[in-house]
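# A closer look at the structure
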Amino acid sequence: MRDVAIIGCGMTKFGRLEGKGLMDLLAEASLRAIDDAGAGDRDFDAVYVANFAAGELTRQTAIASALVDQLSLLPAAADRVENGPASGGSAVKMGLLAVAPGLDGSSHC
């Protein structure tokens, strides 16, 4: 197995953000993480989006595919990970399980 590292992170402000929807927040945090990592749009084979209850609370589903499209990361695969309050940890685990054995198809992190 290869060594794996998180090389970039991004987040949005906490609190009520009037005028911003779920996709706005996902894109903002993602773009900050991509910039922090110094990555480009060709550096992505897969995207894992952790979210709890987007369909029920915002009536928006397929958020992983929508994010990949909005960020122009196609043809990267897109997976939404939902595991209650552990969704974020589960998404990180899925990314690790894809990258460490080389299943992502790349030779870099």
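As a starting point, this report considers the structure included with it. (Residues numbered from 1 in each chain as written. Predicted model: local features only at pLDDT ≥ 70, side-chain atom pairs only at ≥ 80, totals over all residues. Heavy atoms only, no water.)

### Thoughts on the pairing of strand β1 (residues 46-50)
Let me state the cut-off plainly: Throughout, exposure labels follow a simple rule: accessible area from a 1.4 Å probe, protein chains only, divided by the maximum for the residue type, with under 20% read as buried, over 50% as exposed, and the rest as partly exposed. Strands are runs of DSSP state E lasting at least 2 residues, helices are runs of H or I lasting at least 4, and numbering of each runs from the N terminus. The pairing criterion for strands is at least two bridges between them, as found by DSSP.
Here β1 shows one buried face, formed by V47 and V49, and one open face, formed by A46, Y48 and A50. Relative to strand β2 (residues 77-81), β1 is paired through five bridges, and the arrangement is parallel. Residue pairing for β2: V49 is matched across the bridge by R80.

### Some remarks on the pattern of salt bridges
Heads up, the condition is: Throughout this description, the term salt bridge denotes a Lys or Arg side-chain nitrogen within 4 Å of a carboxyl oxygen of Asp or Glu.
A complete count under the given rule lists four salt bridges for this structure. R16 is paired through a salt bridge with E18; the nearest N and O atoms lie 4.0 Å apart. One salt bridge in this structure joins E28 and R32, with 3.1 Å as the shortest N-O distance. Of the two residues, E28 and R32 are both situated in helix α1 (residues 22-37); the distance of four residues between them amounts to about one turn of the helix.

### Re the layout of surface pockets
A water-sized probe, rolled over the atoms, reveals where empty space remains. Cut-off, in case you're wondering: Every definition here rests on a 1 Å grid over the protein atoms only: cavities are sets of points where a 1.4 Å probe fits but cannot get out, pockets are open sets enclosed by protein on both sides within 12 Å along at least five of seven lines, and lining residues have some atom within 4 Å of a point. Grid points are joined across faces, edges and corners, and a volume is the space filled by probe spheres set on the points. Polar here means any residue other than Ala, Val, Leu, Ile, Met, Phe, Trp, Tyr, Cys and Pro, which are nonpolar, and Asp, Glu, Lys and Arg, which are charged; Gly is therefore polar.
Roughly 1600 Å³ of volume is contained in the largest pocket. Taken together, 47 residues line the largest pocket, and the ones lying closest to its centre are G8, A33, F44, V47 and Y48. Listed by contribution, the elements that provide at least two residues to the lining of the largest pocket are α1, β1, α2 (54-58) and α4 (87-99). Taken together, the residues of the lining of the largest pocket sort by class into 33 nonpolar, 11 polar and three charged.

### With respect to the side chain of S30
Selection rule: We define a polar contact as two N or O atoms separated by no more than 3.5 Å, with the added condition that, inside protein, one atom must be a possible hydrogen donor and the other a possible acceptor, whereas residues neighbouring each other in sequence contribute only through side-chain atom pairs. Contact criterion: two residues are considered in contact whenever any of their non-hydrogen atoms come within 4.5 Å of each other.
Summarising the element assignment, S30 is placed in helix α1. A polar atom in the side chain of S30 sits 2.7 Å from the backbone oxygen of L26. Excluding residues within four positions of it along the chain, S30 makes contact with L67 and L71.

### Considerations on unusual backbone geometry
Residue P75 follows L74 across a cis peptide bond; omega there is 15°. Counting through the fold element by element, P75 comes out in the loop between α3 (63-70) and β2. With a phi angle near 55°, A62 is a residue other than glycine that sits in the positive phi range. Tracing the backbone through its elements, the reader meets A62 in the loop between α2 and α3. Unlike most non-glycine residues, S72 shows phi in positive territory, near 55°. In this fold, S72 is placed in the loop between α3 and β2.

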